Every structure is written in C-alpha cells, then in structure tokens.
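# Reading the structure
As a plain string of letters, each chain reads:
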Amino acid sequence: MGKPRVLVVGTGFAGYHCLRALERALPPDAADLVAVNPTDYMLYVPLLPEVAGGSLDPRRVAVPLRPKLPRTRLVQGHATGVDLAERTCTVVDVEGRTRVEEWDRVVLTSGSVTRLMSIPGVAEHAFGFKSVAEAVFLRDHVLRQVELAEQADDPAERAARATFVVVGAGYTGTELVAQGLQLTRAALRGRTGLSEADVRWVLVDLAPRVLPGLNERLSGPAARVLRSRGVDVRLETSVEAVTDTCARLTDGTEIPTRTVVWCVGVRPDPLVEAVSVATEKGRVVVDPTLAVPEHPHVFAAGDVASVPDVHNGGAPTPMTAQHAQRQGRLAGRNVAASLGFGTAGRYRHRDLGFVVDLGGGQAVADPLHVPLTGLPAKAVAKGYHLIAMPGNRLRVAVDWLTDLLARRQVVQFGLVPEAGVRLGDAERIPSPTS
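As the structure is a computational prediction, the values presented were derived from the model and not from experiment.

Cut-offs and rules
Residues numbered from 1 in each chain as written. Predicted model: local features only at pLDDT ≥ 70, side-chain atom pairs only at ≥ 80, totals over all residues. Heavy atoms only, no water. Core = buried A, V, L, I, M, F, W, Y, C linked by side-chain atoms within 4.5 Å. Buried < 20%, exposed > 50% of the residue type's maximum accessible area, 1.4 Å probe, protein only. Helix = DSSP H or I, 4+ residues; strand = E, 2+ residues; numbered from the N terminus. Contact = heavy atoms within 4.5 Å. Pairing = 2+ DSSP bridges. Axes fitted to C-alpha atoms, helices over the stretch in contact; angles between N-to-C directions. Phe/Tyr/Trp six-rings, centres within 6.5 Å; stacked < 30°, edge-to-face > 60°. Left-handed = near helix turned anticlockwise from the far one by under 90°. Nonpolar A, V, L, I, M, F, W, Y, C, P; charged D, E, K, R; others polar. Polar contact = N/O pair within 3.5 Å; in protein donor to acceptor, adjacent residues only side chain to side chain. Expected span 1.5 Å × (residues − 1). Arc of directions from axis to C-beta. Parallel < 35°, antiparallel > 145°, perpendicular 65-115°, else oblique.

## A few points about the nonpolar core
Counting residues in hydrophobic clusters, the biggest one holds 107 residues, and the most contacted among them are Leu22, Leu108, Phe129 and Trp201. Examining the composition of this core, we find that eight residues originate from one element, helix H5 (residues 132–151), more than from any other. Apart from the residues lying within four places of it in its own chain, the contact partners of Leu108 are Val9, Val82, Val284, Val298, Phe299, Ala300, Ala301 and Val304. Val122, Val242, Val260 and Trp262 belong to the second largest nonpolar core, which has 15 residues in total.

## Concerning the sheet that holds strand E13 (residues 239–242)
With respect to topology, three strands assemble into an open sheet ordered E13-E14-E15, the strand pairing being antiparallel. Both outer strands of the open sheet, E13 and strand E15 (254–256), are each paired with one neighbouring strand and no more. Each adjacent strand pair in this sheet contributes to an overall mean axis angle of 20°, direction not counted.

## Some points on the sheet that holds strand E2 (residues 32–37)
Taken in spatial order, the eight strands line up as E7-E6-E5-E2-E1-E8-E21-E20 in an open sheet, and their pairing is mixed. Edge positions in the open sheet fall to strand E7 (98–102) and strand E20 (291–292), since each of these has one partner strand only. In terms of strand pairing, E20 meets strand E21 (residues 295–300) through two bridges, oriented antiparallel. Looking across to E21, one finds that Ala291 is bridged to Phe299. Relative to strand E8 (residues 105–108), helix H9 (residues 321–338) is tilted by about 165°, and along the sheet it contacts strand E1 (5–9), E8 and E21.

## Some remarks on the pairing of E8
Residue alternation in E8 divides its side chains into two sets, Arg105 and Val107 and Val106 and Leu108, and both sets are buried. Bridge count for E1 against E8 is four bridges, and the pairing is parallel. Across the sheet, residue Val9 finds its bridge partner in E8, namely Leu108.

## Quick look at the packing of aromatic side chains
This model, assessed by the stated rule, comprises four aromatic pairs. A ring pair is formed by Phe164 and Trp201, whose centres lie 4.8 Å apart and whose planes are at 25°; its orientation type is stacked. Taken together, the positions of Phe164 in strand E10 (residues 163–167) and Trp201 in strand E11 (residues 200–205) put the pair 37 residues apart, joining distant regions of the chain. As far as burial versus exposure is concerned, Phe164 and Trp201 are alike and both buried.

## Comments concerning the packing of helix H1 (residues 13–25) against H9
Relative placement of two packed helices is described by the angle separating their axes and the distance separating the axes. Relative to each other, H1 and H9 sit at 35°, their axes nearing to 7 Å. Between H1 and H9 lies a crossing of right-handed hand. Mapping the contact onto sequence places Phe13, Ala14, His17, Cys18, Ala21, Leu22 and Ala25 in H1 and Ala321, Ala324, Gln325, Gly328, Arg329, Ala331, Gly332, Arg333, Val335 and Ala336 in H9. Of the residues assigned to the contact of H1 with H9, the class counts are 11 nonpolar, four polar and two charged.

## With respect to the environment of Thr39
Tracing the chain through its elements places Thr39 in the loop between E2 and strand E3 (41–43). Given a relative accessible area of 17%, Thr39 falls into the buried group. For Thr39 and Pro64, which are 25 residues apart along the polypeptide, the C-alpha to C-alpha distance reads 9.3 Å. Apart from the residues lying within four places of it in its own chain, the contact partners of Thr39 are Leu65, Leu74 and Gln76. There is a polar contact of 3.0 Å between the side chain of Thr39 and the side chain of Asn37. Within the structure, Thr39 has its side chain in polar contact with the backbone oxygen of Tyr41 (distance 3.2 Å).

## What to know about helix H10 (residues 374–388)
With 15 residues, H10 extends 21 Å from end C-alpha to end C-alpha; this agrees with the ideal 21 Å at 1.5 Å per step. Every buried residue of H10 is accounted for by Gly374, Ala377, Lys378, Ala381, Lys382, His385 and Ala388. Viewed along the axis of H10, the buried residues span an arc of 140°, placing them on a single side of the element. In H10, the exposed positions angled more than 90 degrees off the buried face are occupied by Leu375, Ala379 and Ile387. In the core, the buried residues of H10 are packed alongside helix H2 (48–52), H9, strand E23 (355–357), strand E24 (363–365), strand E25 (372–373) and helix H11 (393–405).

## Side note on the packing of H10 against H11
As a packed pair, H10 and H11 sit with axes 9 Å apart at the nearest point and diverge in direction by 155°. With respect to H11, the axis of H10 lies roughly antiparallel. Our pair here, H10 against H11, has a crossing hand that is right-handed. Along the contact surface, H10 presents Lys382, His385, Leu386 and Ile387, while H11 presents Arg393, Val396, Ala397 and Trp400.

Written out as structure tokens, the structure is:
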C-alpha cells in the first residue's frame, strides 16, 4: 500500500493553518499532502481595505504557499465536487480542465462567498469586496471617478461620480469607508476643480448601530469618528434597488452614484451543496473534533463548518478569521491523530477580542474584552495584524511606516476589468480565501 493522501480543499485561514499543523505533526514519509486552491497564495483578508485605500501594496496581503508549505503539493483550481463513497474530489483547473484527485482524508476549508440578496440590480451593478482583484479594482475605480468628477460639466454627474456608497457597517464595510475616505482626500491634493466638500461617502446598514457585532462602547466611538470626518452613516436602512447611476434606499432616498460596494455578509461556499453531508444553514455539521458524523475520514473547519461553540451553548461558532485559524490548526492535529500520530482534541476557543482600523490615528479594539479607542487601539490593531499574519510582516510594517512618513501615492493602473468584479460575476466563481 502507498502512503495515505490528505486533501485540503481551500487555503484560507483554516486550510493554510491546517496544512501547517499537518506538516509539523506528520513525519516526512507518513502521508502525501495535497491542497486545492485557485491561487498560489493565502489571502490575509482583514487588510484588504488598506489595499483598496492605497496604503498597502496588494502583494503584502498575499502569503505565498510554496515557501510556507514545502511538503504540500498544490493543485491550482476550483473544487466542484467531493465524492465520499469513491473518496475523490473533482477539480477544474485554472485553464478549465477537469481532473480528479483521490484522498484518504479530506478537510473541507473552502470558506465562504459574498451573500447576495434578492435586491434588483445588486448583482449587475454592485461591486464585491472579497479578493485582491476586487480591492485593486475598487482603488482604481474610486480614483477614476474622482478624475471624471473633476472633468464633468454637469453638476449632477459630478455629484454622482463623487459619491461612494458602501452597504454593510460590519468590520469590512466600516474599515473600507474609513480607508476610502483617506484615499479620496489624498486624490484631491493639488486639484482645483474638486474639493473635499464635493466628495461624499455613505455607509448603509439595516442594523441600529455601526459594528453591530462589537460592544456598544466600541461601535459608538467608531460611528462618531466616521461622522466627524463627514461620512453619511445611514442606520436601520437598507438598499431597495441599484441601477448603474443610483442606489435607492428603503427609506425612499435615492442616492445618485456610480459606486456601490456590497459588504453585507458571507455565506458558506456552494461546494457544500455538492457534498452528501448534513448541513446547518449551509455549513457542514461537524462534532467538536471537527470530524463529520458518520464520515470519520472527512473533516471541516472555518466558515464552511458548523462547529459547536462550547462557550455559547453549542451554537455554531461565528464566521471569523480568529475561529477559522484555530479550527484549522485543530483539524490538522486531528487528521494526524487519525493517521496514528498524536492525539485528537476538541474545539474550545473564546473570542479574544476584535480590532477595527479607522485610518489615520483612529481605531477601536477590545483586546481581552477591554475597550480601547484612539492611539492605544491603533497600536493594538497594528500589533495584532503583524502577529496574526503568516508572512510578509516586515513588508507590511515598512508600508505602514512609509504611509505614515510620506504622502500616499495616488495612481490608477486599470489592470482589473470591471466585468470580473461585479457581484453577479463573482457569484459564479466561489472564493477560496476565507
């Protein structure tokens, strides 16, 4: 018999840390490790708003897989199905060719995709924000709209092009508005035909407050910072329809704009629908060891898994990077244990707090649930990301220092086509990076 093969589907936070744990736990000749992912990097999603804001080079948030996972064979492609009976995984590679990968153990860590709602025009006219391509496109698009707004002779067109609507006041949407505002202010330097008063950022959410997942002692200061900078925060309001020139809200307001960014939330990767396992709200049901009941050779972790939270009455753990990272490590340890190396463990983790960077010298954070704002929170936020990042720490720190000491570079390259970042297009290609 040959060596057993361990297949990990997705190399986001859960998949990457699962593979790292496997490479450490298994002797070199104990098993073949295979990863399926469309890209050859692990995406550090929490810093995408800084890429869109132009303060970080896009390469900084992409951690190359091969140097970090030397014993893992990478198959670049999208997993489209997992056959539990045959123990195979069907993969469509980056050139559209289909191949089949066999496995003895499989770990589903394919993450999540943007959650769309049945709102007219959103899929056709709103932009997603979950990948490097989307972040780079949005940066270029915002700068292009500022340029076109300055050139516009029609006041109505000028106002629409200089208005940017972000839907969703969670972590991503709040940070994106903060970073986007910094970007447009940098872009206005030296311009005579457009001023800060002409540029408008709008943050929309159905929740009663900004950052509804955080303690009110943090969401309140975050909202005050945004409003003090001129952000139009619309709470208890949602989007009713989107056209190519307007966003209509549920309160009847129509906001002329050329930019609507959808940061409402995520749902589990549709791959789950192609696997014959029990699910809960689209997530794979697993036991506390992250194994799928009745399928001891199948494991799942991260956004795609419904992991019981012992600190919350057994309810599924939230879809956060913090949980995904720790579940990935445990999944790697437990897969190794199933092969006879080490002992299995059960998932137990209480949130250690969250950080939200608001750009400039502002942030909110609750490390160990101690609420912080301003510069102390900023220091905690930067320190947390440097510790949590699997790589590129020095490069990220240098970019931050450069952004602090020098003016932000404002250039647009136009490398990412608009067709690939509309939500309707992104919906057809599951994201592998969460």
